[in-house]
Amino acid sequence: MSRPRTLVLFDVDGTLIDSQSHILGAMEFAFNARGLVVPPASEILAIVGLSLAEAFAQLCPEMGSQERGLLVEAYKGSFARLRSASASPLYPGALACLDVLRDTDDIVLGIATGMSRRGLRHVLSNPDLAGRFVTTQVADDHPSKPHPSMVLQAMAESGAARGVMIGDTTFDMQMGRAAGLKTIGVCWGYHSKQALRAQADRTVADYAQLVPEVQNLWGEI
């Protein structure tokens, strides 16, 4: 019996690729460029996944929007330079997992990320990732996570009847749930395992666990 078309929707930073060194480096540059104290790494990683405007609003709530805008621009320029110098690595097992999911008849793949379209294009220029995703949603076109707009658009574009959001942050879990999707938290990213487990339908410790968890979400294996 055929199963409903299913969208497996991935976050990028902290889920598919480990961009932590670039994020922290670009944040350090941005704050130093404005003569400001750099927030602790734990505070920076806690806002990964949000749009940059929302991320800096949380990091610098006392600051005006114009000043935060300067931080955003400094961050974007530094991040682009770091990215062009060295690519963020894929997490171990990511490609093998994507291969299995891609070759499963009832499954299509998508992306919902707080990255910009330019940033995602750079990530997907990796030949190992190019052409795998039927829908790609970015912060340029939607409200920041955890608003469900990205997921709802991805579902519409993919033609899927059901879906699962896979990510490393509570923002991903909240976004997926708000759009009516199942959620799987990956424990190798930037938010704590405890926080993810409190909000996700399932959590996985490595990519080897992800395919069976996706297949079992609806009790079909």
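Just so we're clear, the structure is a prediction, and the values are computed from it rather than from any experiment. (Residues numbered from 1 in each chain as written. Predicted model: local features only at pLDDT ≥ 70, side-chain atom pairs only at ≥ 80, totals over all residues. Heavy atoms only, no water.)

**Q** Go over the pairing of strand β4 (residues 162–167), please, and point to the residues and values.
**A** For β4, the tally of buried residues reaches six of six residues, placing the bulk of the element in the interior. The side-chain alternation of β4 yields two buried faces, one formed by Arg162, Val164 and Ile166 and the other by Gly163, Met165 and Gly167. Alignment of strand β1 (residues 6–10) against β4, held across five bridges, turns out to be parallel. Bridge pairing links threonine 6 to arginine 162 in β4. Of the pairings in the sheet, the one linking β4 to strand β5 (residues 182–186) comprises four bridges and is parallel in character. Pairing of glycine 167 across the sheet is with glycine 185, part of β5. Read from β4 through helix α8 (residues 170–178) to β5, the crossover connection turns out right-handed. (Buried < 20%, exposed > 50% of the residue type's maximum accessible area, 1.4 Å probe, protein only. Helix = DSSP H or I, 4+ residues; strand = E, 2+ residues; numbered from the N terminus. Pairing = 2+ DSSP bridges. Right-handed = clockwise from strand over helix to strand, strands pointing away.)

**Q** Please set out the environment of glutamate 28 residue by residue, giving values where relevant.
**A** Looking at the element boundaries, glutamate 28 is found in helix α1 (residues 20–33). Residue glutamate 28 is classed as partly exposed on the basis of its relative accessible area, which comes to 43%. The spatial distance from the C-alpha of glutamate 28 to the C-alpha of proline 39 is 8.3 Å, given a sequence separation of 11 residues.

**Q** So what's going on with the packing of helix α3 (residues 52–59) against helix α4 (residues 65–85)? Residues and values would help.
**A** At a minimum axis distance of 10 Å, the contact between α3 and α4 shows a crossing angle of 120 degrees. Taken together, α3 and α4 sit at an angle that is classed as oblique. Crossing geometry of α3 relative to α4 is assigned as right-handed. Together, Leu52, Ala53, Phe56 and Ala57 of α3 and Arg68, Leu71, Val72, Tyr75 and Lys76 of α4 make up the contact between the two elements. Across the contact of α3 with α4, the residue classes break down as seven nonpolar, no polar and two charged. (Axes fitted to C-alpha atoms, helices over the stretch in contact; angles between N-to-C directions. Parallel < 35°, antiparallel > 145°, perpendicular 65-115°, else oblique. Left-handed = near helix turned anticlockwise from the far one by under 90°. Contact = heavy atoms within 4.5 Å. Nonpolar A, V, L, I, M, F, W, Y, C, P; charged D, E, K, R; others polar.)

**Q** Quick one: what's the story with the nonpolar core, residue by residue and with numbers?
**A** The biggest cluster of nonpolar side chains holds 53 residues, and the ones touching the most others in it are Val8, Phe10, Leu101, Ile166, Tyr207, Leu210 and Val214. Ignoring any residue separated from it by four or fewer positions in sequence, one finds valine 214 in contact with Val8, Leu101, Ile107, Val164, Ile166 and Ile184. Membership of the second largest hydrophobic core comes to 13 residues, among which are Leu9, Ala112, Met165 and Leu181. (Core = buried A, V, L, I, M, F, W, Y, C linked by side-chain atoms within 4.5 Å.)

**Q** Tell me about the packing of α1 against α4, residues and numbers included.
**A** With their axes 8 Å apart at the nearest point, α1 and α4 run at an angle of 135 degrees to one another. Here α1 is positioned oblique relative to α4, judged by the angle of their axes. The two elements α1 and α4 meet at a crossing, and its hand is right-handed. On the side of α1, the interface is formed by His22, Ile23, Gly25, Ala26, Met27, Phe29, Ala30 and Phe31, while α4 contributes Leu71, Ala74, Tyr75, Ser78, Phe79, Arg81, Leu82 and Arg83.

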